[in-house]
Amino acid sequence: MDSLPITSLYTALLALLFCALSLLVVFQRQQNKIPYGDGNITALRSAVRAHGNFAEHVPLIIILLGLLEYRGFSTTALQGAFLLLILARLSHAVAMFSPVETRRYFISRVFGALSTWLITLGSALLLLVQVIRA
């Protein structure tokens, strides 16, 4: 029996993205010879924050969406939410590595942050409604 196939697939893809963000931190640390902290180096700080922001938001969303899948929520809606989450986290990472005063930074950061918040809020509310109705 294949339980939570959608959550399993997208969690694996998100884990690969997390590993890529981790490697960017490692590369920046090696390049700048900074064993911990950010050494007040913009590129390293950006890599650390892109990685950290991912770690702060994605696990809770995976849990929420996984619980929705477990409770029989629409597979199409779940796939859409996971795809939007991947795009949001990629967009946020692009923003973190873009010059702050640019249009690319603004659009990527706003899209990444808003999409992440909407997925969190939407999945939390949907789960709450399902639990209350049960």
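Residues numbered from 1 in each chain as written. Predicted model: local features only at pLDDT ≥ 70, side-chain atom pairs only at ≥ 80, totals over all residues. Heavy atoms only, no water.

Explain the overall build of the chain here, please?
When helices and strands are tallied, the chain shows 4 helices and 0 strands. Each principal axis of the C-alpha atoms in the chain carries an extent, and together these give about 55 × 35 × 20 Å. A burial count over the chain gives 34% of its 134 residues as buried. Long-range contacts, defined as pairs at least 24 residues apart, comprise 67% of the intrachain contacts of the chain with a sequence gap of at least 6. By element, 70% of the accessible surface of the chain is carried by carbon and sulfur atoms, the whole surface being about 8100 Å². (Helix = DSSP H or I, 4+ residues; strand = E, 2+ residues; numbered from the N terminus. Buried < 20%, exposed > 50% of the residue type's maximum accessible area, 1.4 Å probe, protein only. Contact = heavy atoms within 4.5 Å. Areas by Shrake-Rupley, 256 points an atom, 1.4 Å probe, with all protein chains shown as cover.)

How should helix H4 (residues 103-133) be read in this particular structure?
Side chains three or four residues apart in an α-helix point the same way, a direct result of the helix having 3.6 residues per turn. End to end, H4 covers 44 Å across 31 residues, agreeing with the expected 45 Å (1.5 Å per residue, within 8%). The complete set of buried residues in H4 reads Tyr 105, Ser 108, Gly 112, Ala 113, Ser 115, Thr 116, Ile 119, Ser 123 and Leu 127. Tucked inside the fold, the buried residues of H4 contact helix H2 (42-70) and helix H3 (75-96). (Expected span 1.5 Å × (residues − 1).)

It is not clear to me how the side chain of Gln 28 should be interpreted in this structure. Could you clarify?
Position of Gln 28 relative to the elements: it lies in helix H1 (residues 5-32). Among the residues examined, Gln 28 registers a relative accessible area of 16% and is labelled buried. Residues within four places of Gln 28 in sequence aside, it is in contact with Ala 43, Leu 44 and Ala 47.

Everything listed here is a matter of coordinates, which is why it stays silent on function.
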